[in-house]
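Remarks on the overall topology
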Amino acid sequence: MTVDQLKRVMKFHLKNFNDENVAINDDTIHNQVLSEDDGFGSANSKQLYKGVIRWTLSSNGHQDKTWPSNWMELSVKELAPKLL
C-alpha cells in the first residue's frame, strides 16, 4: 500500500463520518470530522475510523505502528506517511 492509496482510504472513511459537511481532501484535519462524543460509548467516529485504518494497514501487510498522540490534529497528508 502506498501513501496515496492510504490517503484515498482515509478520505473515503472520513466522508462516511462527515455529518459536519467539511470538505474532505488531503488537507482535512481529522478533528474537523471525527469525535469521541458521537456514536455509542467507545463506538464513536474517532475509534471506528482508527480501527478501520489499522485493519486496512494490517490486511495489506503493514506493521501496526503507534499512532502519534496528536493524530486528531493532523491532516490526511500529514498522518498517512506516519502510519506506513
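Higher on the page you've got the structure.
The text that follows walks through the structure, step by step, so that each part is easy to find. All values derive from a computational prediction rather than experimental measurement.

What counts, and where the lines are drawn
- Residues numbered from 1 in each chain as written.
- Predicted model: local features only at pLDDT ≥ 70, side-chain atom pairs only at ≥ 80, totals over all residues.
- Heavy atoms only, no water.
- Core = buried A, V, L, I, M, F, W, Y, C linked by side-chain atoms within 4.5 Å.
- Buried < 20%, exposed > 50% of the residue type's maximum accessible area, 1.4 Å probe, protein only.
- Helix = DSSP H or I, 4+ residues; strand = E, 2+ residues; numbered from the N terminus.
- Contact = heavy atoms within 4.5 Å.
- Salt bridge = Lys/Arg side-chain N within 4 Å of Asp/Glu carboxyl O.
- Expected span 1.5 Å × (residues − 1).
- Arc of directions from axis to C-beta.
- Phe/Tyr/Trp six-rings, centres within 6.5 Å; stacked < 30°, edge-to-face > 60°.

This brings us to the nonpolar core. With 17 residues, the main nonpolar core has Met10 and Ile53 as its most contacted residues. Taken together, the elements giving at least two residues each to this core come down to α1 (3–16), α2 (45–59) and α3 (76–83). A per-element tally of this core places α3 first, with four residues. Aside from chain neighbours lying at most four places away, what touches Ile53 is Leu6, Val9, Met10, His13, Trp67 and Leu83.

Looking now at the pattern of salt bridges. Evaluation of the coordinates by the stated rule reveals six salt bridges. Residues Lys11 and Asp26 are paired through a salt bridge, measuring 2.7 Å at the closest nitrogen-oxygen approach. Pair noted here: Lys11 is in helix α1 and Asp26 is in the loop between α1 and α2, with a separation of 15 residues, a long-range link. Its salt-bridge partner being Asp27, residue Lys77 comes within 2.6 Å of it at the nearest N-O pair. Of this pair, Lys77 sits in helix α3 while Asp27 sits in the loop between α1 and α2; the two residues are 50 residues apart in sequence, bridging distant segments of the chain. Looking at Lys77, the relative accessible area reads 43%, which means it is partly exposed. A single network of salt bridges, built from pairs that share partners, joins Asp4, Lys7, Lys11 and Asp26.

Here we take up the side chain of His13. On the secondary structure map, His13 appears in helix α1. Taking the relative accessible area as the measure of exposure, His13 reaches 17% and is therefore buried.

What follows deals with α1. Helix length check: α1, at 14 residues, gives a terminal C-alpha distance of 20 Å against a target of 20 Å (1.5 Å per residue), a fit within 8%. Along α1, the residues classified as buried are Leu6, Lys7, Met10, Lys11, His13 and Leu14. Projected down its long axis, α1 carries its buried residues within an arc of 165°, all on one side. Set apart from the buried face of α1 by more than 90 degrees, the exposed residues are Arg8, Lys15 and Asn16.

One pass over the structure, following the stated rule, counts two aromatic pairs. Measuring from ring centre to ring centre gives 6.1 Å for Tyr49 and Trp71, while their planes differ by 15°; the resulting arrangement is stacked. Taken together, the residues Tyr49 in helix α2 and Trp71 in the loop between α2 and α3 connect sequence positions 22 residues apart. For the pair formed by Tyr49 and Trp71, the shared burial category is buried. Centroid distance Trp67 to Trp71: 4.9 Å. Interplanar angle 85°. Geometry classified as edge-to-face. What links up through ring pairs into an aromatic cluster is the set Tyr49, Trp67 and Trp71.

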